[in-house]
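The primary structure of each chain is shown beneath.
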Amino acid sequence: MQISVQNQTTLQSTVYRILIAISIGHMLNDSMQAVIPAMFPILERSMHLSYTEIGWMAFTLNMTSSVMQPVVGFFTDKKPSPYFLPLAMGASLIGMIGLAFSSNYLFILISILFVGIGSAIFHPEGSRVTFLAAGSRRGFAQSIYQVGGNTGNALAPVFTALIFVPFGQFGAIWFTALAALGLVLLFSVSQWYSLQLSTYETLKKQLTKATAHTKKRRNVIFALSLLIFLVFARSWYHAGISNYYQFYLIEHYHLSIKEAQFYLFIFMIAGAIGTFFGGPLADRFGKRNLILASTLGTAPFSIILPHLSLTWAWLVVFLVGFILSLSFSTLVIYAQELLPGNIGMASGLIVGLAFGLGAIGSVFWGNVADHYSLTFLMFICSFLPLLGALTWLLPSDKISHH
C-alpha cells in the first residue's frame, strides 16, 4: 500500500503570514505548558515533593491534553470552531494565575488542569489552520507550526534559571502577560480562519476522494497502530529526559539547579531545530525514511548519554534532541494522510497521544527513580529509541518534490 496526497488537490498558495502567526501562538501556548516542568525543582524543595508526586504533576498536564485532544479534534472536524483558539489561551491564563497563588499540592494540580485543557483545545484547531495555510508545502508548514511549540517547550529551563530560581513559585504571574498577548494574536488568526471554512470543506472532499482508492481499512488500522507505538517509544524517552535528566545531573554530577538547566535547554532547543528541518527533509526523502532515520538514529547517542563526562554530555544531548525531533511533524502528517478529511482528529491523536503517553511515562519513571535510582531510570530509558527499527513495517509513501 502506498500513501500519497496529490499536491494538485491543494492548489491554494502558502499563506506565510498565518503560518508565522499560528507558530507564534503555538510557542505561547506551549510556553504556558513549559512553566510546569520549569517549576518542578522549585516545588520539589518548597513543598518537599517525591519524584512520584512530580510525575503526577506531569501526568495531570499531559493526560488532560492527550485525552481531550482527539475528542476536540473529532468535534471540530465536524464543526470547525475558529474561536476555540483564543478560548484555549484564556484557559491557560487562568492556570497561570492559579500556579502563582496556589498554596498546596491539590491547588497546583487544579491549576495544571486548566493549562492542560487550554492545550487540548488549541492543538487540533492550530493544526487545521496550518493545513489551510500550507498550500502544497505540507511538510514545511507543519514544521513551522511545530517548531513554535517546541521552542515554547524549550524555554522551560530558561524559565527555571531566570524566573523561578530568583522569584520562586510566584514567578508564574509573569506569564499572564504572555497569555494576554496570545489572546490578541489568536483572535486575529481566528478571523482569517473563519473566512476559510468553505475552502476547508472543498479541500476535505478532494483529499478524501484522492486517497480513497489507495487505502484499505485493515492496512490503515495497522499503520495507525504502528505509528502510535512509535509515538509511545519516542514519548516515553522524551519524558524521561525532559522531566528527570535535570535531577540526574544534580545528583550524579553535583550541579546546581541553575547549572542543570543549561543541559536541559540544549536538549529542548535542539528539538526545536530538529523539528524545523524535519518537515522539509520528509518532503524530499519520504516520510517513512525520515521517521526511521530519526528514531533509530537517536539510539547510539541515547545509550551513551548517561555514561559521559560533562565535557561531552552537552554535545550528545544536543544530538539526541535534534535527531529525535526530526520526525515529530512527519508523524503528524503521516497520520493526517491515513485519515484524510479528519485533520483535527489525526493531529489530536498523534500530538495528544504523545502528551498522554509521555504523562504515563512520567509517572512510571518517577516510580522507578523513587524505588531504584535515577541512574537505573536513565539506563533503562536510553534503549527505547531502538524500537524505531519497527518503522520498516510502515507502508511506503511517495516522495514529493517542489
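To be clear, the structure that these remarks concern was listed above.
Residues numbered from 1 in each chain as written. Predicted model: local features only at pLDDT ≥ 70, side-chain atom pairs only at ≥ 80, totals over all residues. Heavy atoms only, no water.

## A closer look at helix α4 (residues 105-134)
Side chains that are three or four residues apart share a direction in an α-helix, a result of its 3.6 residues per turn.
Next up, step 1: Look at α4: 42 Å from first C-alpha to last across 30 residues, which is about the 44 Å you get at 1.5 Å a residue.
Next up, step 2: With respect to burial, α4 is a largely interior element, 23 of its 30 residues being buried.
Next up, step 3: Residue N104 occupies the N-cap position of α4, its side-chain oxygen lying 3.1 Å from the main-chain nitrogen of L106.
Next up, step 4: Directly beyond the C-terminal end of α4, a positive phi value near 65° is found at G135. (Helix = DSSP H or I, 4+ residues; strand = E, 2+ residues; numbered from the N terminus. Expected span 1.5 Å × (residues − 1). Buried < 20%, exposed > 50% of the residue type's maximum accessible area, 1.4 Å probe, protein only. Polar contact = N/O pair within 3.5 Å; in protein donor to acceptor, adjacent residues only side chain to side chain.)

## Looking at the nonpolar core
Next up, step 1: Among the nonpolar cores identified, the biggest contains 105 residues, and V35, L99, F164, L227, Y245, W365 and L377 are the most heavily contacted of them.
Next up, step 2: No other element matches helix α9 (residues 217-252), which puts 17 residues into this core.
Next up, step 3: When near neighbours in sequence (up to four residues on either side) are disregarded, L227 contacts I291, L331, Y334, A335, L338, I350 and L394. (Core = buried A, V, L, I, M, F, W, Y, C linked by side-chain atoms within 4.5 Å. Contact = heavy atoms within 4.5 Å.)

## Describing helix α7 (residues 175-195)
Next up, step 1: Taking 1.5 Å of rise per residue, the 21 residues of α7 would be expected to cover 30 Å, and the 31 Å separating its terminal C-alpha atoms lies within 8% of that figure.
Next up, step 2: For α7, the set of buried residues is F175, T176, A179, G182, L186, V189, S190, W192 and Y193.

## Some remarks on the side chain of D77
Next up, step 1: For D77, the position within the fold is in helix α2 (residues 51-78).
Next up, step 2: In this structure the side chain of D77 is engaged in a polar contact, spanning 2.7 Å, whose partner is the side chain of R128.
Next up, step 3: A distance of 2.9 Å separates the side chain of D77 from the backbone nitrogen of M345, its partner in a polar contact.

## A look at unusual backbone geometry
Next up, step 1: With a phi close to 55°, H48 is a non-glycine residue in the positive phi region.
Next up, step 2: Looking at the element boundaries, H48 is found in the loop between α1 (16-46) and α2.
Next up, step 3: Here the phi dihedral of H254 falls at roughly 60°; this positive angle occurs in a residue that is not glycine.
Next up, step 4: Among the secondary structure elements, H254 is positioned in the loop between α9 and α10 (257-285).

## Remarks on the packing of helix α3 (residues 84-101) against α7
Next up, step 1: At a closest axis distance of 7 Å, the pairing of α3 and α7 adopts a crossing angle of 170°. Judged by the inter-axis angle, α3 sits roughly antiparallel to α7. Every residue of α7 that contacts α3 at L85, P86, M89, G90, L93, M96 and I97 is listed here: F175, T176, A179, G182, L183, L186, F187, V189, S190 and Y193.
Next up, step 2: Residue classes in the contact of α3 with α7 are distributed as 13 nonpolar, 4 polar and no charged. (Axes fitted to C-alpha atoms, helices over the stretch in contact; angles between N-to-C directions. Parallel < 35°, antiparallel > 145°, perpendicular 65-115°, else oblique. Nonpolar A, V, L, I, M, F, W, Y, C, P; charged D, E, K, R; others polar.)

## A closer look at the environment of G286
Next up, step 1: One can find G286 in the loop between α10 and α11 (287-304).
Next up, step 2: Assessed through its relative accessible area of 2%, G286 is described here as buried.
Next up, step 3: C-alpha separation for the pair G286 and D397, spaced 111 residues apart in sequence, amounts to 6.3 Å.

## Description of the pattern of salt bridges
Two side chains bearing opposite charge may form a pair once their charged atoms approach each other closely.
Next up, step 1: Evaluation of the coordinates by the stated rule reveals 4 salt bridges.
Next up, step 2: For D77, the salt bridge goes to R128, with nearest N and O atoms at 2.7 Å. Within this pair, whereas D77 is found in helix α2, its partner R128 is found in helix α4, the two being separated by 51 residues in sequence. Considered together, D77 and R128 belong to a single accessibility category, that of buried residues.
Next up, step 3: A salt bridge links R138 to E337, with the nearest nitrogen and oxygen atoms 3.5 Å apart. Linking R138 in helix α5 (residues 138-154) with E337 in helix α13 (residues 328-338), this pair joins segments that are 199 residues apart in sequence. The burial state of R138 is the same as that of E337; both residues are buried.
Next up, step 4: Linked through salt bridges whose partners overlap, the residues forming this network are D77, E125 and R128. (Salt bridge = Lys/Arg side-chain N within 4 Å of Asp/Glu carboxyl O.)

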